[in-house]
Amino acid sequence: MSKLTLGSYPHMLGFEQLERLLERTAKSSEGYPPFNIEQTSDFSYRITLAVAGFSEEDLAITVEDRQLVIRGRQSEDGAQRIFLHRGIAARQFQRSFVLADGVEVGEAVMENGLLHVDLTLSRPETVVQTIQIKKG
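Counting from 1, residues in each chain are numbered in the order their sequence is written. Per-residue local features are limited, in this predicted model, to residues with pLDDT of at least 70; the limit for side-chain atom pairs, both in listing and counting, is 80 or more; totals at the level of whole chains, interfaces and linings are taken over all residues. Excluded from the side-chain calculations are hydrogens and water; all other atoms, namely the structure's heavy atoms, are used.

**Topic: the overall build of the chain**
Condition: Working definition: helices are DSSP H or I runs of at least four residues, strands are E runs of at least two. Numbering for both runs from the N terminus. Throughout, exposure labels follow a simple rule: accessible area from a 1.4 Å probe, protein chains only, divided by the maximum for the residue type, with under 20% read as buried, over 50% as exposed, and the rest as partly exposed. By definition in these notes, contact holds between two residues if any of their heavy atoms fall within 4.5 Å.
The helix and strand inventory of the chain stands at one helix and seven strands. Shown N-terminal to C-terminal, the secondary structure of the chain runs as helices and strands in the order α-β-β-β-β-β-β-β. Out of the 136 residues in the chain, the part that is buried amounts to 21%. Summarising the internal contacts of the chain: among those between residues at least 6 apart in sequence, 50% fall at separations of at least 24.

**A word on the side chain of glutamine 74**
For the record, the criterion: Side-chain atoms alone can form a polar contact between residues adjacent in sequence; in general such a contact is a pair of N or O atoms within 3.5 Å, and within protein one must be able to donate a hydrogen while the other accepts it.
Inspection of the secondary structure assignment puts glutamine 74 in the loop between strand 4 (67-72) and strand 5 (93-98). Among the polar contacts listed, one links the side chain of glutamine 74 to the backbone oxygen of glycine 53, at a separation of 2.6 Å. When near neighbours in sequence (up to four residues on either side) are disregarded, glutamine 74 contacts Ala52, Gly53, Phe54, Asp58, Ala89, Ala90 and Arg91.

**Quick notes on unusual backbone geometry**
A cis geometry characterises the amide bond from tyrosine 32 onward to proline 33, with omega recorded as -10 degrees. Checked against the element boundaries, proline 33 lands in the loop between helix 1 (16-27) and strand 1 (35-41). Even without being a glycine, aspartate 65 presents a positive backbone phi close to 55 degrees. The residue aspartate 65 is located in the loop between strand 3 (59-63) and strand 4 in this model. With a phi angle near 55 degrees, asparagine 112 is a residue other than glycine that sits in the positive phi range. Of note, asparagine 112 is situated in the loop between strand 6 (103-111) and strand 7 (114-121). Its relative accessible area of 78% is what places asparagine 112 among the exposed residues.

The following block contains the structure:
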């Protein structure tokens, strides 16, 4: 049984990077924290992460190589606290979302334990290019 790749299709040239992005995304399927992705208009999206227990200072949002990366790390203030039961984990996380060309990250808003990150998709202009044929 052979693996189908984008290179197997002769009319799809230069999509090797897309294939690598798909493989990288498939490997990062951890379920924490849970999130929603919603389309808010024809050209905008919103990613919402459930980050209860994290403050704005505990979170970092970056765009690295066309990838939106959201990291969370809670500061350890439990040195003076004695837990009889600890059911709420204070664990760190990293969530990554691959961004297509033309997707720009807008604002991020924290509200009621939810982190909202807005994205917009700019419409690319249609380009028609005529290639001259030279005599050989």
